[in-house]
Amino acid sequence: MSEANVCVMGLQWGDEGKGKVVDALAEVSQYVVRYCGGANAGHTVVVGGEKFALHLIPCGVFRPEVINVVGNGVVFDPPVGLEEIDGLRSRGVDVGGQNLRISTAAHVVMPWHKAADTHSEQALGGRKIGTTARGIGPCYADKANRSTAIRVGDLTCGESLREKVRLICDGKNKVFAALYGAEPLDADAIADEYAAYGQRLAPMIANTGAVLRRAVAAGDRVLFEGGQGSMLDVDHGTFPFVTSSSVSACGVPAGAGVPPRAVGTVVGLLKAYTTRVGAGPFPTEQDNDTGAYLRDRGKEYGTTTGRPRRCGWLDLFAARYAAELSGTDEVALALLDVLTGLDELKLCTGYRVGDEIVEDFDPMQLGASEPVYETLPGWSDEIGDCQTFADLPGEAKAYVDRVEAVLDRPVGVISVGPDREQTIVHHTNVRGLG
Ligand code: GDP
Ligand code: IMO
Ligand code: MG
């Protein structure tokens with residue numbers, strides 16, 4: 001069993017069930033670290049039959065000994081983060097300076113970022129990305145722009161925060177008025193509001209890179225919690241229908257401030273079928289009764305926005321690309337129970353363009369690609385109570401075997417329901433999963 005650090009990240013378009021696996025591994029980790037994205041994420045953890053949806057706070061909060069870290073690569077939205085903290089506290093989950101560290105270098109999602117996200121999507125009309133409207137893209141754009149950015153460390157800097165906010169608002173107000181005819185933002189009111197957030201967050205703000213490098217040097221076990229999924233990666237996903245950060249395991253060192261070798265074992269989350277929220281190519285999409293069946297059984301409505309998710313067959317050609325990109329050591333196969341009741345199951349193992357079989361997966365060429373399918377028999381018995389691989393119907397076992405063969409990687413665990421207990425240990429080599 002490997003004792004190494006672990007990165008849990010999605011191999012598809014997000015919502016693969018990362019929250020459940022992070023929660024499981026948190027039990028044997030000292031740190032749980034978000035390294036990308038922001039409140040666009042929605043990670044579900046079910047504890048004792050109670051369902052929690054987390055957006056900014058890492059999924060280690062249900063384990064009292066764990067230090068949860070919001071890394072520098074995250075874009076932090078103070079009112080959303082504080083509301084989440086309050087919500088968790090009101091449900092008896094302890095969150096505060098003792099178990100949460102937010103990076104001074106994480107960028108702050110400001111009101112103008114959310115406004116820009118909404119205005120920009122409206123202006124794009126039929127060409128919109130279908131973002132979560134959480135201000136993610138505009139915040140990362142200002143991070144790259146530098147002079148118009150505000151970081152978490154700035155929130156506790158009084159008058160200098162006010163000066164920054166005034167200067168930035170001045171520019172944003174001109175642009176928003178010209179582009180969208182928008183009302184001007186009140187810089188002083190925003191500065192007051194965000195300084196107050198800074199006061200509340202102060203006990204949790206820290207130099208998290210230093211904290212994590214020290215933890216790694218001391219041999220503590222660090223768990224990196226991916227947001228979104230590899231196909232939404234800003235560099236390696238289906239651009240421009242992506243999010244704005246490096247969400248694969250490649251984003252861990254930069255987004256957490258640790259050396260590449262600290263990433264450790266990579267666990268790729270794979271939903272047993274495919275979903276996507278928002279616009280963009282999706283070769284195996286089933287905009288038909290099969291898609292509706294998957295949406296219904298999988299309760300495929302966005303954890304963050306409530307939007308119905310687009311559903312389709314498992315795309316192993318895309319997943320293999322994502323697995324290779326992150327050097328995925330093993331796969332966690334989730335929501336297998338959702339496939340129960342379908343007569344036959346299709347697995348996409350490749351693409352073709354016309355008569356030509358595509359050799360290398362290219363996320364820029366998906367629009368022209370047709371999936372090549374294998375058809376496997378389905379099963380009809382519910383599998384939510386299965387405890388071991390042997391308990392699964394033969395057809396479900398064959399499906400899992402085929403996933404392993406096409407991805408050329410072991411399936412470590414199989415999730416057959418949202419509860420902690422509904423997990424089958426299969427070929428894992430990760431301590432905490434096995
Ligand atoms: P994440 O963003 O990757 O953490 O995934 P989400 O939380 O957005 O979506 C996954 C949904 O599936 C949540 O409602 C989970 O409670 C649920 N879930 C996780 N694993 C399973 C499973 O094996 N079977 C079923 N039926 N639901 C699951
Ligand atoms: P978790 O961590 C699914 C999608 C949005 C949109 C695109 C860009 O729960 O898996 P953004 O607001 O980031 O600019 O939107 O990315 N998206 C997600 N889809 N799960 C997520 O996170 C997502 N985070 C962003 O739907 O298509
Ligand atoms: Mg989600």
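Conventions we followed
- Counting restarts for each chain, with residues numbered from 1 along the sequence as it is written.
- Written order decides the labels, with chains lettered from A and ligands numbered from 1.
- A pLDDT threshold of at least 70 governs which residues receive local features in this predicted model, and a stricter bar of 80 or more applies before side-chain atom pairs are shown or counted, although totals over entire chains, interfaces and linings include all residues.
- Note: side-chain values were computed over all heavy atoms of the structure, leaving out hydrogens and water.
- The rule is simple: put a 1 Å grid over the protein atoms alone, call a set of points where a 1.4 Å probe fits but cannot get out a cavity, call an open set with protein on both sides within 12 Å along at least five of seven lines a pocket, and count a residue as lining if it has an atom within 4 Å of a point.
- Grid points are joined across faces, edges and corners, and a volume is the space filled by probe spheres set on the points.
- Labels follow the DSSP assignment, with helices taken as runs of H or I lasting at least four residues and strands as runs of E lasting at least two, numbered in each case from the N terminus.
- Think of it as three bins: nonpolar holds Ala, Val, Leu, Ile, Met, Phe, Trp, Tyr, Cys and Pro, charged holds Asp, Glu, Lys and Arg, and polar takes everything else, Gly as well.
- Donor selection uses N, O and S atoms within 2.8 Å of the metal (3.2 Å for Na, K and Ca). Since no water is included, sites may look incomplete.
- Three labels apply to residues, based on accessible area from a 1.4 Å probe with only protein chains included: buried if under 20% of the type maximum, exposed if over 50%, partly exposed otherwise in between.
- One heavy atom suffices: a residue is near a molecule or strand as soon as one of its heavy atoms comes within 4 Å of it.
- The definition of a polar contact used here is a pair of N or O atoms within 3.5 Å, where within protein one atom must be able to donate a hydrogen and the other to accept one, and adjacent residues in sequence count solely through side-chain atom pairs.
- Residue burial considers only the protein chains on display, and all accessible areas are found by Shrake-Rupley using a 1.4 Å probe.
- More than half of a molecule's atoms within 2 Å of the grid points is what it takes for that molecule to sit in a cavity or pocket.
- Axis definition: a line fitted to C-alpha atoms, limited for helices to the stretch in contact. Angles are taken between N-to-C directions and run from 0 to 180 degrees.
- Any angle between 65 and 115 degrees counts as roughly perpendicular, while under 35 counts as roughly parallel, over 145 as roughly antiparallel, and the rest as oblique.
- Left-handed describes a crossing whose near helix is turned anticlockwise from the far helix by less than a right angle; the clockwise case is right-handed.
- Note on contacts: a residue pair qualifies if any of its non-hydrogen atoms lie within 4.5 Å across the two residues.
- Each Phe, Tyr or Trp ring (for Trp, its six-membered ring) is paired with any other whose centre lies within 6.5 Å, and the angle between the two planes then decides the class: stacked below 30 degrees, edge-to-face above 60, tilted in between.
- For a lysine, the NZ atom is tested; for an arginine, the CZ atom; a charge sits over a ring if that atom is within 6 Å of the ring centre and within 35 degrees of the ring normal.
- In this description, strands pair whenever DSSP reports at least two bridges between them.
- Given the number of residues in a helix, its expected span is that number minus one, multiplied by 1.5 Å.
- As used throughout, domain bounds are those supplied by an automatic or database domain assignment.
- Note on terms: buried area is the combined drop in 1.4 Å-probe accessible area of two parts once they are placed together, counting the loss on both.
- Salt bridge criterion: a side-chain nitrogen from Lys or Arg within 4 Å of a carboxyl oxygen from Asp or Glu.

Novice: Help me out: how do you make sense of the layout of surface pockets in this one?
Specialist: If you roll a probe as big as a water molecule over the atoms, it shows you where there is empty space left. The calculated volume of the largest pocket comes to roughly 900 Å³. Going through the elements one at a time, α3 (111-124), α4 (136-145) and α5 (158-180) are the ones with two or more residues in the lining of the largest pocket. No other element matches α3, which puts seven residues into the lining of the largest pocket. Of the residues contributing to the lining of the largest pocket, the split by class is 18 nonpolar, 19 polar and 11 charged. Lining the second largest pocket are 31 residues, with Thr44, Lys51, Gly298, Leu335 and Pro418 positioned closest to its centre. Elements with a minimum of two residues in the lining of the second largest pocket: α1 (18-26), β3 (43-47) and β4 (50-54). Residues that form the lining of the second largest pocket fall into these classes: 10 nonpolar, 10 polar and 11 charged.

Novice: Looking at this structure, I do not really get the coordination of the magnesium ion (ligand 3). What am I missing?
Specialist: In a perfect tetrahedron of four donors around a metal, the angles come out at 109.5 degrees. In a perfect octahedron of six, they are 90 or 180 degrees. For the magnesium ion (ligand 3), the full set of protein donor atoms is Asp15 (OD) and Gly42 (O), and the range of their distances to it is 2.0 to 2.2 Å. You can see aspartate 15 sitting in the loop between β1 (6-10) and α1 and its partner glycine 42 sitting in the loop between β2 (31-34) and β3, a full 27 residues away along the chain. Under the relative-accessibility criterion, aspartate 15 is labelled partly exposed at 22%. Residue glycine 42 is classed as buried on the basis of its relative accessible area, which comes to 12%.

Novice: Before we go on, may I ask you to explain the site of ligand 2 in this structure?
Specialist: Lining the immediate environment of ligand 2, one finds 20 residues, of which Lys18, His43, Thr132, Gln228 and Thr243 sit closest. In this structure, an oxygen atom belonging to ligand 2 sits 2.6 Å away from a side-chain N or O atom of threonine 243. When ligand 2 sits alone it has 550 Å² of accessible area, and the protein chains cover 97% of it. Cavity membership is defined here by more than half of the atoms lying within 2 Å of grid points; on that basis ligand 2 lies in the largest pocket. The residue inventory of the shell around ligand 2, partitioned by class, reads six nonpolar, 11 polar and three charged.

Novice: Got a minute to help me understand the packing of α3 against α4 in this structure?
Specialist: Two numbers describe a pair of packed helices, the interaxial angle and the distance between the axes. For the pair α3 and α4, the least separation of the axes is 7 Å and the interaxial angle reads 120°. The angle between α3 and α4 falls in the class oblique. Crossing hand, α3 versus α4: right-handed. When α3 is examined against α4, the residues Trp112, His113, Ala116 and Asp117 are found in contact with a partner set consisting of Ile136, Pro138, Cys139 and Asp142. The residue makeup of the contact of α3 with α4, split by class, is five nonpolar, one polar and two charged.

Novice: Would you mind going over the packing of aromatic side chains with me for this structure?
Specialist: To describe a pair of aromatic rings, one takes the distance between the centres and the angle between the planes. Under the counting rule described, the total for this entry stands at nine aromatic pairs. Between phenylalanine 317 and phenylalanine 361, the aromatic rings sit 5.5 Å apart at their centres with planes inclined by 70°, giving edge-to-face as the arrangement. With phenylalanine 317 in helix α10 (residues 316-325) and phenylalanine 361 in the loop between β17 (356-357) and β18 (370-377), the pair connects residues that are 44 residues apart, well separated along the chain. The exposure class of phenylalanine 317 is buried, given its relative accessible area of 13%. Joined through ring pairs, the aromatic side chains of Phe317, Tyr321, Tyr351 and Phe361 make up one cluster. Between arginine 91 and the ring centre of phenylalanine 52, over which it is positioned, the NZ or CZ distance is 3.9 Å.

Novice: What is the right way to read the pairing of strand β19 (residues 411-415) from this model?
Specialist: On a regular strand, each side chain points to the face opposite its neighbour's, so the side chains alternate between the two faces of the sheet. Among the five residues of β19, five are classified as buried, and the element is accordingly described as predominantly covered. In this structure, strand β15 (residues 330-334) lies alongside β19, joined through three bridges in parallel fashion. Within β19, the residue paired with valine 331 across the bridge is valine 411. Pairing of β19 with strand β20 (residues 423-425), which is carried by three bridges, proceeds in the antiparallel orientation. Within β20, the residue paired with serine 415 across the bridge is threonine 423.

Novice: Honestly, helix α2 (residues 78-90) in this entry has me stumped. Any pointers?
Specialist: Residues three or four positions apart in an α-helix share a direction because the helix packs 3.6 residues into each turn. When the terminal C-alpha atoms of α2 are compared, their 18 Å separation across 13 residues agrees well with the 18 Å that a helix rising 1.5 Å per residue should span. All of the buried residues in α2 are Pro78, Val80, Gly81, Leu82, Glu84, Ile85 and Leu88. Residues of α2 that are buried sit in contact with β4, β6 (75-76), β7 (100-103), β8 (107-108), α3 and α6 (187-201). In the segment just after α2, glycine 92 is the residue with positive phi, at about 85°.

Novice: Sorry if this is basic, but what is going on with the site of ligand 1 here?
Specialist: Around ligand 1, a shell composed of 19 residues is seen, among which Lys18, Gly42, Thr44, Asp337 and Ser415 lie nearest. At a separation of 3.2 Å, an oxygen atom of ligand 1 approaches a polar side-chain atom of arginine 309. A distance of 2.5 Å is found between an oxygen atom of ligand 1 and a side-chain nitrogen or oxygen belonging to serine 415. With the chains in place, 92% of the 580 Å² that ligand 1 exposes on its own is no longer accessible. Mapping ligand 1 onto the cavity grids shows that it belongs to the second largest pocket. Looking at the shell around ligand 1, the elements that each hand over two or more residues are α1 and β3. Among the elements that make up the shell around ligand 1, the one with the highest residue count is α1 (three residues). Of the residues in the shell around ligand 1, the class split is four nonpolar, eight polar and seven charged. When residues of the shell around ligand 1 are assigned to domains, at least three map to each of domain 1 (6-102 + 205-266) and domain 3 (269-425).

Novice: Is there a simple way to explain the domain arrangement of the chain in this structure?
Specialist: Along its sequence, the chain is organised into domain 1 (6-102 + 205-266), domain 2 (107-201) and domain 3 (269-425). Domain 2 and domain 3 are separated by 38 Å when their C-alpha centres are compared. Tallying the contact residues gives six residues for domain 2 and five residues for domain 3. Considering only the surface of domain 2 that becomes buried against domain 3, Gly130, Thr132 and Arg134 emerge as the three largest contributors, covering 69% of it. Between domain 2 and domain 3 we count zero salt bridges in total. Here domain 2 and domain 3 share three residue pairs in polar contact (both at pLDDT 80 or more) between them. Considering only residue class, the side of domain 2 that touches domain 3 consists of one nonpolar, three polar and two charged.

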